[in-house]
Amino acid sequence: MHKLKQLSGLSLALLLLPVLASAQTARVANPAASTYVTPAFRLTQAAAMELAVRARAKAATLNQQVSVAVVDASGQTILLSQGDGVGPHNTEASRRKAFTALSTKTPTLLLGRKARANPDTQNLANLPELLLLGGGVPLRYQGQVIGAVGISGGGGAENDDLIGHAASLPEAGITTP
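All residue numbers refer to positions counted from 1 along the written sequence of the respective chain. Confidence filtering applies because this is a predicted model: local features only for residues at pLDDT of at least 70, side-chain atom pairs given and counted only at 80 or more, and all residues used for totals across whole chains, interfaces and linings. The side-chain numbers reported here are obtained from all heavy atoms of the structure, hydrogens and water having been left aside.

Q: What should I look at first to understand the packing of aromatic side chains in this one?
A: Given two aromatic rings, one states the distance between the centres and the angle between the planes to describe the pair. Any two rings among Phe, Tyr and Trp, with Trp reduced to its six-membered ring, count as a pair given centres within 6.5 Å; such a pair is stacked if its planes are under 30 degrees apart, edge-to-face if over 60, and tilted if neither. Considering all chains together, one arrives at one aromatic pair under this definition. Seen in terms of ring centroids, Phe41 and Tyr141 are 4.7 Å apart; in terms of plane orientation they differ by 75 degrees. Their pairing is edge-to-face. A residue pair is termed long-range when its members are at least 10 positions apart, and Phe41 in the loop between α2 (33-36) and α3 (45-61) and Tyr141 in strand β3 (residues 136-141) qualify at 100 residues. On the basis of relative accessible area, Tyr141 is assigned to the partly exposed category, the value being 23%. Secondary structure elements are taken from DSSP: a helix is a run of H or I of four residues or more, a strand is a run of E of two residues or more, and numbering for both begins at the N terminus. Exposed residues in this analysis have more than 50% of their type's maximum accessible area, buried residues have under 20%, and partly exposed residues fall in between, with area computed by a 1.4 Å probe over protein chains only.

Q: Can you walk me through the confidence of the model for the protein chain in this structure?
A: Parts of the prediction with low pLDDT should not have their coordinates interpreted in detail. Per-residue pLDDT for the protein chain averages 86, and the proportion of residues at 70 or more is 84%. The lowest-confidence element of the protein chain is helix α1 (residues 2-26), averaging 49 in pLDDT; the highest-confidence one is strand β1 (residues 67-72), averaging 98. This model gives residues 12-17 a pLDDT under 50, and the stretch forms zero contacts once residues within four places in sequence are excluded. The predictor's confidence in any single residue is recorded as pLDDT, a number from 0 to 100. Any pair of residues with heavy atoms lying within 4.5 Å of one another is described as a contacting pair. In this model residues 22-26 is a low-confidence stretch, pLDDT under 50, and it forms zero contacts with partners more than four residues away in sequence or in other chains.

Q: For this particular structure, what's the right way to read α3?
A: Side chains of residues three or four places apart in an α-helix project in the same direction, reflecting 3.6 residues per turn. In this scheme, a helix's expected span is set at 1.5 Å multiplied by one less than its residue total. With 17 residues, α3 extends 25 Å from end C-alpha to end C-alpha; this agrees with the ideal 24 Å at 1.5 Å per step. Of the positions making up α3, those classed as buried are Ala47, Ala48, Leu51, Ala52, Ala55 and Ala59. Burial along α3 is one-sided: seen end-on, the buried residues are contained in an arc of 135 degrees. Opposite its buried face, α3 presents the exposed residues Ala46 and Thr61, each directed more than 90 degrees away. Directions from the helix axis toward the C-beta atoms define the arc.

Q: What is the right way to look at unusual backbone geometry in this model?
A: A negative phi angle characterises most non-glycine residues, just as the trans form characterises most peptide bonds. Despite not being glycine, Asn63 shows a phi value in the positive range, around 55 degrees. Among the secondary structure elements, Asn63 is positioned in the loop between α3 and β1. Of note, the phi angle at Lys105 is positive, near 55 degrees, even though the residue is not glycine. Tracing the backbone shows Lys105 in the loop between α4 (89-104) and α5 (108-117).

In structure tokens:
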């Protein structure tokens, strides 16, 4: 009797095998979809909080307090935090630096220096949302820019840039250039 139950279970599994196989193939994306749709990764609130913690830890090694902004891949603010004793203008500056780094996929310190050195790109500084001051750093995951961090109030463009680059989560694959 026991062997009969085993055989009937095996028979049922063999009967269901084609159904399971077709279910697996049904999940294969429409080849034409790759022309119109790309996969996207999203930063979580937990990631934004941890990025801010790491940025503040780096700022502390420089005896600085900073404002921190984290934006997602669409430029929406996930986190915006003013450091203790940091001027209120730095909060907006950190958001704009993050937006600029995301939009241009370039650290803002590097972008600002390149823009000033090239007459063809000097007008980038006149675009309303862009801020070409050091401290904005894009965040990458699996080769895609998935957001950016912006730092302000760290004692100058180089410090803000250094602090921004420290805001990464390499153990999760989230890196800065």
